[in-house]
Amino acid sequence: MVNIALDIPDVFVLETDPHDLLVYEQCAQRLNFRLRTFTKCDLFVAEVLDKQPELLIYEVECCEDGVTRQSELMQHGLFSSALATAQQISLAVAVRVMEQGATTLIEKPIDLERLEPSVTKALRTAIARREMQRKYERFSLLNESLSARQRSVMQLIVAGYSTKAIAAKLDISTRLVELERAKLLSTFEVGTTPELALRFGEFLTLKRWRSNGNPSSLDDLRKSVESSASGGADVS
């Protein structure tokens, strides 16, 4: 079973071979995901952009510009994982497909033994990536709710300033700094100043990730979040 959340993940497949379509159906039953299949590239792209499934799988030969379409999907900010299949895999095709965001290239005909582990890994990555995106969106709303002074206090807290140093830097009383700190703790639902710095450092890292596009490795993103939060975030 793949779905680590209550929601069942969606998988959209662009495929024309009846045998491979049957394998996808078997995989969906074993891994418990919703499967939608397409035989036309334009309809597949339109539905993927509209519904944004957790995973998309496309047959490179289904349309001449299949690799270009994958790039188009990623440029639209799609947070899906992608697998590609091909009748014949050349080094040039493999490099292009991977550069455009696909995590795996599988040679046809498809079999369940090769497909299942690739789909499992891709779905787990996509689900975790979606959770990162949801967390970023929530942090953004919280950050937008802050006053200008609260943002300044937050940045100085993350930078390691003491209450007295923050008061001197902003030319306000230490009592006001303490009040603003208490509001920040409440807003971000944490109990201590280190937890607050950790939470805001995570937000800044997610913000950079969101503006730069999907990470090549989800583990790299997680390590970056942990490093940024524990080592002091760059607030410039």
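The coordinates are above.
Below, the structure is looked at part by part. (Residues numbered from 1 in each chain as written. Predicted model: local features only at pLDDT ≥ 70, side-chain atom pairs only at ≥ 80, totals over all residues. Heavy atoms only, no water.)

1. Focus on the sheet that holds strand 5 (residues 104-107)
Overall, parallel pairing links the five strands, which are arranged 2-1-3-4-5 in an open sheet. Of all strands in the sheet, those bounded by a partner on one side alone are strand 2 (34-38) and strand 5. If you compare each strand with its neighbour and ignore which way they point, the axes differ by 20° on average. Judged from the four bridges that link them, strand 1 (residues 10-14) and strand 3 (residues 55-59) form a sheet pairing that is parallel. When the sheet's bridge partners are listed, valine 13 is paired in strand 3 with isoleucine 57. Packing against the sheet, helix 1 (residues 18-31) makes contact with strand 1, strand 2, strand 3 and strand 4 (81-86), and its axis sits at approximately 165° to strand 2. (Pairing = 2+ DSSP bridges. Helix = DSSP H or I, 4+ residues; strand = E, 2+ residues; numbered from the N terminus. Axes fitted to C-alpha atoms, helices over the stretch in contact; angles between N-to-C directions. Contact = heavy atoms within 4.5 Å.)

2. Things to note about the nonpolar core
Of all hydrophobic cores here, the largest spans 24 residues; its most connected members are Met154, Leu184, Phe188 and Leu196. Those elements that provide at least two residues to this core are helix 5 (112-144), helix 6 (148-158), helix 7 (163-170), helix 8 (174-187) and helix 9 (193-212). (Core = buried A, V, L, I, M, F, W, Y, C linked by side-chain atoms within 4.5 Å. Buried < 20%, exposed > 50% of the residue type's maximum accessible area, 1.4 Å probe, protein only.)

3. Focus: the packing of aromatic side chains
Scanning the model with the defined rule gives five aromatic pairs in all. Judged by centre distance (6.1 Å) and plane angle (10°), the rings of tyrosine 136 and phenylalanine 203 are stacked. Within this pair, whereas tyrosine 136 is found in helix 5, its partner phenylalanine 203 is found in helix 9, the two being separated by 67 residues in sequence. Sitting over the face of the ring of phenylalanine 12, arginine 36 holds its NZ or CZ atom 5.2 Å from the ring centroid. (Phe/Tyr/Trp six-rings, centres within 6.5 Å; stacked < 30°, edge-to-face > 60°. Lys NZ or Arg CZ within 6 Å of the ring centre and 35° of its normal.)

4. Some words on the pairing of strand 3
Of all five residues that make up strand 3, five are buried, and the element is covered over most of its length. Where strand 3 lies against strand 4, five bridges are found, and the strand directions are parallel. Pairing of leucine 55 across the sheet is with serine 81, part of strand 4.

5. Some details on helix 1
The terminal C-alpha atoms of helix 1 lie 20 Å apart, and with 14 residues this matches the ideal 20 Å at 1.5 Å per residue to within 8%. Within helix 1 the residues assigned to the buried category are Asp20, Leu21, Val23, Tyr24, Cys27, Ala28 and Leu31. With its buried residues spanning 155° around the axis, helix 1 presents them on a single face. What points out from helix 1, more than 90 degrees from its buried face, is the exposed set Pro18 and Gln29. (Expected span 1.5 Å × (residues − 1). Arc of directions from axis to C-beta.)

6. Details of the pattern of salt bridges
Should their charged atoms come close, side chains of opposite charge can pair. If you walk through the whole model with that rule in mind, you get 13 salt bridges. Among the salt bridges present, the one from aspartate 50 reaches lysine 51, with a minimum N-O distance of 3.5 Å. Of the charged contacts, one joins arginine 138 and glutamate 189 as a salt bridge, the two residues approaching to 2.9 Å between their closest N and O atoms. With a gap of 51 residues between them, arginine 138 in helix 5 and glutamate 189 in the loop between helix 8 and helix 9 connect regions that are remote in the sequence. Assessed through its relative accessible area of 58%, glutamate 189 is described here as exposed. Each member of the salt-bridge network shares a partner with another, and the members are Glu15, Asp20, Glu59 and Lys108. (Salt bridge = Lys/Arg side-chain N within 4 Å of Asp/Glu carboxyl O.)

7. Description of helix 5
Compared with the 48 Å implied by 1.5 Å per residue over 33 residues, the 47 Å span of helix 5 between its first and last C-alpha is a close match. In this structure aspartate 111 caps helix 5, since a side-chain oxygen of it lies 3.2 Å from the backbone nitrogen of glutamate 113. (Polar contact = N/O pair within 3.5 Å; in protein donor to acceptor, adjacent residues only side chain to side chain.)

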